[in-house]
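Remarks on the overall topology
Below, each chain spelled out in residue letters.
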Amino acid sequence: MFVALLLSSCSTQHEIKIPQKDKKIDLSNDFHLKKISKENANNTILLLLPLSGANANLGQGILNACILSAKEAQNTNIDFVVIDTADRSLDKNQLCWKYKDKNLRAIVGPIFFTEAKRYGALFPTVPMFTFSNNVKVNSNHIFACGLSPQDEINEIFSFARKNKIEDFLVMLPKGKYGDEIEQYLKISMKKFGFVEEYEVEIIRYDSIGRKEATNYVKNSGKHAAFILEPILDFEKLPENIEVFTLSSHALQNKDAWNGCIFAFSNIQELVNFSAKYKNTFGYTPSVLDMIGYDITSALCNSASDPYEAFSLEHKELHGCLGDFSIIKNKGVKRELHLYKSE
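A short tour of the structure in this document, coming up. A quick note: this is a predicted structure, and the numbers were derived from the prediction, not measured.

Moving on, we get to the overall build of the chain. For the chain, the count of helices and strands is 10 helices and 15 strands. Taken over 342 residues, the chain has a buried fraction of 52%. Looking at the chain alone, contacts between residues at least 24 apart form 63% of all its contacts between residues at least 6 apart. When the accessible surface of the chain is totalled, it reaches about 16,600 Å², and 47% of it is carbon and sulfur.

In structure tokens form, the structure reads like this:
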């Protein structure tokens, strides 16, 4: 059963004071938030986020979510220290020496794969929850928390097999990103018993017109299509052809992807959090913001456990993106469902 997804994004940014590098979060002067840094706290969590430069908006949104989460956890004995990863003057080695004896319990961030690898090498024993969705970053102490394209594609092919959708037309743009998605698709095809030569046709293109792509799908004889770009005219497709994509694309512009199916987390919890976030900061949170909120909430809740403080592994965790678990060398595993944008 499909559910209509009624979320939209907003680029308007609500300005709050951004802490300078290597400062504890203190937003006591901001009318939305209280100070969340604890006096005489015995534990430290680093937030490694870009708060300047080209990706400042990404870091700011995540920081807002982390602040909101930490504010709600009033009884935790934690200092959250914000590090601007985009600051060119930041000395990573000095940062490591400064916090290695500060009872550093966890690191939330950074956003990107290469940064996660670098910081992970500097803090080899500290659990790091990166926003990257690249499963190659996973290790004994680094956990990829972004929504994994592989997990989404697995959910799509699992659904297709269970619902007797027997064949696919895959249309991917040429380039590195298309290459990665093609590899993920082939892994899922093998896992769920789809044979490329007979059941899946993969087309790679430099550019393709909307009419040409739509006609290709109509005349392919396939029961389903998988695409990464909004190249189809859904109104001109037969009703028996289902179109699938990744959530990261479908959520960018719901009008462009109207009628497309994708795998995502629990929608009702997400809607509730989105309303709370928007009421506080004035704009709709991104998926990265939601991930930041869930991970920070899980760490704060875990800190109250006298037996396994700050341990998140193999626990059943709950968040605005639904239920999830954290596993060494596998990262974050979420319970996904299929939705149709309408």
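On to the nonpolar core. Core analysis: the biggest nonpolar cluster contains 63 residues, and L47, F129, I295 and I326 have the highest contact counts within it. Setting aside chain neighbours within four positions, we find I295 in contact with V108, F129, C145, F324 and I326. Formed by 24 residues, the second largest nonpolar core is a distinct cluster that contains I156, F226, A263 and L336.

At a closest axis distance of 8 Å, the pairing of helix α1 (residues 56-72) and helix α10 (residues 287-303) adopts a crossing angle of 30 degrees. Viewed along their axes, α1 and α10 adopt a mutual orientation that is roughly parallel. Considering how the two elements wind past one another, α1 and α10 form a crossing that is right-handed. In this structure, α1 uses L58, G61, I62, A65, C66, L68, S69, A70 and E72 to contact α10, whose residues at the interface are L288, D289, G292, Y293, T296, S297 and C300. For the contact of α1 with α10, the class distribution of residues is 9 nonpolar, 5 polar and 2 charged.

Turning to helix α4 (residues 149-162), a few remarks are in order. Its 14 residues give α4 an end-to-end C-alpha distance of 20 Å, which sits within 8% of 20 Å, the value for a rise of 1.5 Å per residue. Here α4 lies mainly inside the structure; 11 of its 14 residues are buried. All of the buried residues along α4 are P149, Q150, D151, E152, I153, N154, I156, F157, S158, F159 and A160. Two to three positions downstream of the cap, the backbone nitrogen of Q150 sits 3.2 Å from a side-chain oxygen, assigning the N-cap of α4 to S148. K164 sits one or two positions beyond α4 and adopts a positive phi of about 60 degrees.

What counts, and where the lines are drawn
Residues numbered from 1 in each chain as written. Predicted model: local features only at pLDDT ≥ 70, side-chain atom pairs only at ≥ 80, totals over all residues. Heavy atoms only, no water. Helix = DSSP H or I, 4+ residues; strand = E, 2+ residues; numbered from the N terminus. Buried < 20%, exposed > 50% of the residue type's maximum accessible area, 1.4 Å probe, protein only. Contact = heavy atoms within 4.5 Å. Areas by Shrake-Rupley, 256 points an atom, 1.4 Å probe, with all protein chains shown as cover. Core = buried A, V, L, I, M, F, W, Y, C linked by side-chain atoms within 4.5 Å. Axes fitted to C-alpha atoms, helices over the stretch in contact; angles between N-to-C directions. Parallel < 35°, antiparallel > 145°, perpendicular 65-115°, else oblique. Left-handed = near helix turned anticlockwise from the far one by under 90°. Nonpolar A, V, L, I, M, F, W, Y, C, P; charged D, E, K, R; others polar. Expected span 1.5 Å × (residues − 1). Polar contact = N/O pair within 3.5 Å; in protein donor to acceptor, adjacent residues only side chain to side chain.

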